[in-house]
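# Summary of the model geometry
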Amino acid sequence: MSEDFAIEEDDYNPQNRVDEFKKLEPEFWKHKALKDMNAYEWEALCDGCGKCCLNKLEIKGKIKFTNAYCRFLDCKSCLCKIYKHRHSAVADCRDIDLEAVREKPRWLPKTCAYWLLDNGYDLPPWHPLITGQAASVIQAGMSLSGRDLINETKVEDYEAHIVDWQDL
Ligand code: SF4
Ligand code: SF4
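Residues numbered from 1 in each chain as written. Chains lettered and ligands numbered in written order. Predicted model: local features only at pLDDT ≥ 70, side-chain atom pairs only at ≥ 80, totals over all residues.

### Quick look at the sheet that holds strand β5 (residues 150-151)
- With respect to topology, three strands assemble into an open sheet ordered β1-β2-β5, the strand pairing being mixed. If you trace the sheet from one side to the other, it starts and ends with β1 (54-59) and β5, each paired once.
- In this structure, strand β2 (residues 62-69) lies alongside β5, joined through two bridges in parallel fashion. Bridge pairing links Tyr69 to Asn151 in β5. (Pairing = 2+ DSSP bridges. Helix = DSSP H or I, 4+ residues; strand = E, 2+ residues; numbered from the N terminus.)

### Things to note about the nonpolar core
- Membership of the largest hydrophobic core comes to 27 residues, with the highest contact counts inside it found for Cys53, Tyr69, Leu73 and Cys112.
- Elements supplying a minimum of two residues to this core: α3 (39-45), β2, α6 (113-118) and α8 (136-139).
- Apart from residues no more than four positions distant in its own chain, Cys53 is found in contact with Tyr69, Cys70, Leu73 and Cys80. (Core = buried A, V, L, I, M, F, W, Y, C linked by C-beta atoms within 7 Å. Buried ≥ 20, exposed ≤ 12 C-beta atoms within 10 Å, placed from the backbone. Contact = placed C-beta atoms within 7 Å.)

### A closer look at the environment of Ile138
- Structurally, Ile138 can be placed in helix α8.
- The exposure class of Ile138 is buried, given the 22 C-beta atoms found within 10 Å.

Okay, structure coming up:
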């Protein structure tokens, strides 16, 4: 792992991103299919929960989440510390596109806005697009913030870290 990537953490305020949502068409997700969304709309759907950055195992055709987080996740803010360079630093870091959303077995948490909308559900009431607040996902307890987590660099046996949280 290059040290060039290890310390970069943008001075980034998640609320600034949510404030930009006012420029989007109100409730665009209710009448626009995921495949028809533009890049801004698509990006706005991410609630910032961080749960897709947990390590996972595939066992007997099912995805098991662990409580081991990617070394580049800031698990307080649930933001990636190296977002711009993530693909250079982490070979299996995935972009969330329609293919990823529809992949079987499901590897995105069941609260993930992309998965919810693609499966006919609405956004949950705590989603920042509904509340106008970036922190609402954390306040609702739906992010990784405050959970019993371990940095992947400290894990010896991933199977010992499988978790069965209801929102995964
Ligand atoms: S699980 Fe979905 S909503 Fe949560 S951070 Fe990942 S892409 Fe965004
Ligand atoms: S590198 Fe990828 S998996 Fe790791 S924290 Fe960043 S977005 Fe998440």
